[in-house]
Each structure stands twice: as C-alpha cells, then as structure tokens.
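Structural features, examined
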Amino acid sequence: MRIILIRHAEPDYSVDSLTEKGFREAELLSKRVKNWEVDRFFASPLGRAQATAAISMKACQAEVTTLDWLQEFYYPIREEGADKTRIAWDFMPAYFTKQDALHDKDKWMYTELMKTGDLAKYYEMVGNGLNEILAEYGYRACGGGLYAVEETAKRDATIVFFCHLGVSFVMLSHLLGIAAPSLWQGFFVAPSSVTVAASEERIAGEAAFRVQMMGDTRHLYEGGEPISSSGYFTDAFQK
C-alpha cells in the first residue's frame, strides 16, 4: 500500500491559487504523475491544492475527490496574554526546543497551549479520515501505528493526496508515531514536492508505514524550474 502526499505548487495566498511559477511547477508535476498507476486521487478543498490537482487530473484523464479534512491545518491557538491567535505550527525555535511536551507524540496536543485551539479534535479528525480510506483497501488501524491487513487487502494500491505542508505532516505524524510539532518545526517540503510512505508487512497480516521519499522535487530539476522556498526561512538548495 502506497500513500503519496503532494504539496500544492507555489502559492499565491492572496487569492488562494498559484503564482505564475506555481502553474509551471504544476505542469511539470503532472508529467510525472501521469506515469503513476494510481487507484484514487484526493485533494484539499483550498484553491491552491485544487489548482495543482486539476492540471494533473487533466494529464491523467482522472477525477479527484475533495475531502474537507485535507485543508491546511490552520486551526488557531492563543498564547496566554497574547492579543491575537496564530497557527499551531509556527513556533520560534528558542521556544519550541525548550517545550518537552511538544516533542511527545502522546502529549503535545494536550498541552495548555494546544488545548486553546482544541487541536486534539482536529488531529483525530485527520487521523480518522486517513484510517477510513485505508480501511477501504483492507488496512485497519489497530493502534500503535500498526494496521491489520485483511486477506483481501489491495497491497499494490496507490493513493495520492494533493494538500499542504502542515496537514501532510499531521498525516505522517499519525502514520509514524512522531509528534506533529517535531515534523512541523524540523522538516520542510517545497511546493509541488512528492512524499511517499509505503506499508511494510514484515509479519504477515501486520503492516506499518515507512517514508521512502520525502519532499522530492526531481520534476522541477529535470524541467529546469527552480525550487520554491515558500514556507521556508532560508534559500532552498537547488542542486
């Protein structure tokens, strides 16, 4: 079983779509996607993900299913004494590195800060949504990041999600048992990049997922298109 997570191409957040460069990225991505054997495509309802998916769907002559829970993980939190809310995955390193609970896969969403935005509820929503899809292919969550594989499971299935950096890391957190803030703070995937997580069944009937590829942008490199640094606080490596 293979899960492919695609971050939308370079965004124009002012209109929730893509920049001119983003549309070039999406075109190059579509040439890659059309070579895959995909069982189903899913997309976030937000415009930048929809625009990215639409170009690949045209190339693949396929349809995409829109899922509300794939929207960006923008659920707000409020620090004590703060005048404004902010998103839950944007901490200054000097703060985040000293908050041990935010590194704990079982405790981070129950910290006082995260409870101000009811993050546990939204995290569970994403995990449940992903589990429901996996169950359709014969992979049933049984706790601890393990999935019971039914005899009729489609082990060679590939499903693709066009979505966003934040929610992609929530899905990886759910699959891998890593605290979401550790992924949010420690990793970057560029616009239009491809991340692949595949199930391994080392014991018959018992599967766990493992990331094979993360943030891959070979389609941009091969197409002569620079990697976008959108969402990153330094320059993206280009070679």
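Our structure is the block above this text.
The following paragraphs examine the structure supplied in this document. (Residues numbered from 1 in each chain as written. Predicted model: local features only at pLDDT ≥ 70, side-chain atom pairs only at ≥ 80, totals over all residues. Heavy atoms only, no water.)

1. So, the overall build of the protein
Here is the rule we go by: Secondary structure follows DSSP: runs of H or I at least 4 residues long count as helices, runs of E at least 2 residues long count as strands, and numbering of each begins at the N terminus. The globule rule used here is 2.2 Å times the number of residues to the 0.38 power, and the radius of gyration it is set against is calculated over C-alpha atoms. Buried residues are those whose accessible area, probed at 1.4 Å on protein chains only, stays under 20% of the maximum for their type, while exposed residues exceed 50% and partly exposed ones sit between those limits.
Looking only at helices and strands, the protein features 8 helices and 12 strands. Its C-alpha atoms give the protein a radius of gyration of 18 Å, within 12% of the compact-globule value 18 Å for 239 residues. Dimensions of the protein, computed from C-alpha atoms along their principal axes, come out at roughly 50 × 45 × 30 Å. For the protein, buried positions account for 49% of its 239 residues.

2. Topic: the packing of aromatic side chains
Filter applied, for reference: Stacked, edge-to-face and tilted are the three classes for Phe, Tyr and Trp ring pairs, Trp counted by its six-membered ring, which pair at centre distances within 6.5 Å; planes under 30 degrees apart are stacked, over 60 edge-to-face, the rest tilted.
All chains considered together, the criterion is met by 14 aromatic pairs. Measuring from ring centre to ring centre gives 5.6 Å for W108 and W184, while their planes differ by 80 degrees; the resulting arrangement is edge-to-face. Taken together, the positions of W108 in the loop between α3 (93-96) and α4 (112-115) and W184 in helix α7 (residues 180-186) put the pair 76 residues apart, joining distant regions of the chain. Accessibility assignment for this pair places W108 and W184 in one class, buried. Their ring planes at 90 degrees and their centres at 5.6 Å tell us that Y147 and F209 sit as a pair that is edge-to-face. Here Y147, found in strand β9 (residues 147-149), pairs with F209, found in strand β12 (residues 206-216); they are 62 residues apart in sequence, far enough to count as distant. One exposure class covers both Y147 and F209, and it is buried. Pairwise contacts between aromatic rings join F73, Y75, W108, Y122, Y123 and W184 into one cluster.

3. Focus on the pattern of salt bridges
The following threshold applies: Salt bridge, as used here: a side-chain nitrogen of Lys or Arg that lies within 4 Å of a carboxyl oxygen of Asp or Glu.
Applying the stated criterion to the full structure yields 16 salt bridges. We note a salt bridge from D216 to R32, for which the minimum N-O separation is 2.8 Å. Taken together, the positions of D216 in strand β12 and R32 in helix α1 (residues 20-33) put the pair 184 residues apart, joining distant regions of the chain. Residue R218 is joined to D216 by a salt bridge in which the shortest nitrogen-to-oxygen separation is 2.9 Å. Looking at R218, the relative accessible area reads 41%, which means it is partly exposed. Overall, the relative accessible area of 17% leaves D216 in the buried class. Through salt bridges that share partners, E20, K21, R24, E25 and E225 make up one connected network.

4. Description of the sheet that holds strand β10 (residues 158-163)
Selection rule: Whether two strands pair comes down to DSSP finding at least two bridges between them. As a rule, the C-alpha atoms of each element are fitted with a line to give its axis, helices using only the stretch in contact, and angles between N-to-C directions run from 0 to 180 degrees. The contact rule is simple, with two residues in contact once any of their heavy atoms fall within 4.5 Å.
Spatially, β5-β4-β10-β1-β11-β12-β9-β8 is the arrangement adopted by the 8 strands of the open sheet, whose pairing is mixed. Either end of the sheet is taken by a strand with one partner, and the two such strands are β5 (64-66) and β8 (139-141). Each neighbouring strand pair of the sheet contributes to a mean axis angle of 30 degrees, computed without reference to strand direction. Where strand β4 (residues 40-43) meets β10, 4 bridges bridge the pair, whose relative direction is parallel. In the sheet register, F42 faces β10, and the bridge partner there is F161. Helix α2 (residues 47-60) contacts β4, β5 and β10 of the sheet and is inclined by roughly 140 degrees relative to β10. The strands that helix α5 (residues 119-136) touches are β1 (2-7), β4, β8, β9, β10 and β12; relative to β8, the one it contacts most, it runs at about 145 degrees.

5. Some thoughts on the environment of G117
With respect to the helices, strands and loops of the structure, G117 is situated in the loop between α4 and α5. Accessibility expressed as a relative area gives 11% for G117, which makes it buried. Distance from G117 to P76, taken between C-alpha atoms, is 5.5 Å for residues 41 residues apart in sequence. Every residue in contact with G117, bar those within four places of it in the chain, is listed here: P76, I77 and Y122.

That is the geometry; function is a separate question.
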